Every structure is written in structure tokens, then in C-alpha cells.
Amino acid sequence: RKWLDILLRLQYTQSIQSATALWMKAGSLEMQEDNIPMRDNEENIFYDVDKREVFGERFAEINNEQAKLDMLASYHLFRADKIKTYQAIFSAGELQREFFLDR
């Protein structure tokens, strides 16, 4: 019982830490996206083939990477919530068992 509680706390902490790290990385990618330099004539950048390769594909890569990181972070957060729910159910079962043994 004691080891199960320790293991669940460790898994919960690892999931929260992983989700936080992934969201921090997604935030840094968003800051990189904001710092991409633009030229004077922004309208022609996206229609010119050479310039579109430089800017448009880089925006797409950053947005795809942000979506992947957000999805993974959400998965880790969902996993942490599932572990916390299991801890609550396990604690409620222990409390009920102790209540009926004391009766």
C-alpha cells in the first residue's frame, strides 16, 4: 500500500513535469515565430517563390511543432489527472475499509 502510493506520486509528478516542459518549449517556439524578420514589402514576400520558402515554410514548421508539443503536453496532463483520480479512488476505498473494520 505504501509503495503504491509512492509510485503514484512519482508518476503524477513526472507527468506534470513533462507537460510543463513541453509547454515551455512550445512557448519558446512561439517567441521564435514572433522574432522572424520581415522585409519592407510584406505583400510580395508570400507570393514570391524563393521568399515563401524562407518565411512561409518556416511558419508552417513552427506551427506544426507547436501543435505536436501542445498535443503531447495535453496527453501528459490527462495522464496526470488519471493518476490523481486513481489516487482518490484508492484513498476512498481505504477509508471505507477502515470504517467497516472499526464498526
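Now for a description of the structure that goes with this document. (Residues numbered from 1 in each chain as written. Predicted model: local features only at pLDDT ≥ 70, side-chain atom pairs only at ≥ 80, totals over all residues. Heavy atoms only, no water.)

## Brief notes about the nonpolar core
By size, the foremost hydrophobic cluster in this structure holds five residues: Leu22, Ala26, Leu29, Leu69 and Ala73. Breaking this core down by element, the ones donating at least two residues are α1 (2-34) and α3 (49-102). When residues of this core are assigned to their parent elements, the largest contribution, three residues, is made by α1. With residues near it in sequence (within four places) discarded, Leu69 still touches Leu22, Lys25, Ala26 and Leu29. (Core = buried A, V, L, I, M, F, W, Y, C linked by side-chain atoms within 4.5 Å. Buried < 20%, exposed > 50% of the residue type's maximum accessible area, 1.4 Å probe, protein only. Helix = DSSP H or I, 4+ residues; strand = E, 2+ residues; numbered from the N terminus. Contact = heavy atoms within 4.5 Å.)

## Details of the packing of aromatic side chains
This model, assessed by the stated rule, comprises one aromatic pair. Plain terms: the ring middles of Phe99 and Phe100 are 5.4 Å apart, the flat faces sit at 70° to each other, and that makes the pair edge-to-face. A cation sits over an aromatic face here: Lys84 above Tyr12, 4.8 Å from the ring centre. (Phe/Tyr/Trp six-rings, centres within 6.5 Å; stacked < 30°, edge-to-face > 60°. Lys NZ or Arg CZ within 6 Å of the ring centre and 35° of its normal.)

## Re the pattern of salt bridges
Tallied over the entire structure, the rule returns two salt bridges. Taking the shortest distance from any N to any O, the salt bridge between Arg9 and Asp5 comes out at 3.2 Å. Of the two residues, Arg9 and Asp5 both sit in helix α1, four residues apart, roughly one turn of that helix. Its relative accessible area of 29% is what places Asp5 among the partly exposed residues. (Salt bridge = Lys/Arg side-chain N within 4 Å of Asp/Glu carboxyl O.)

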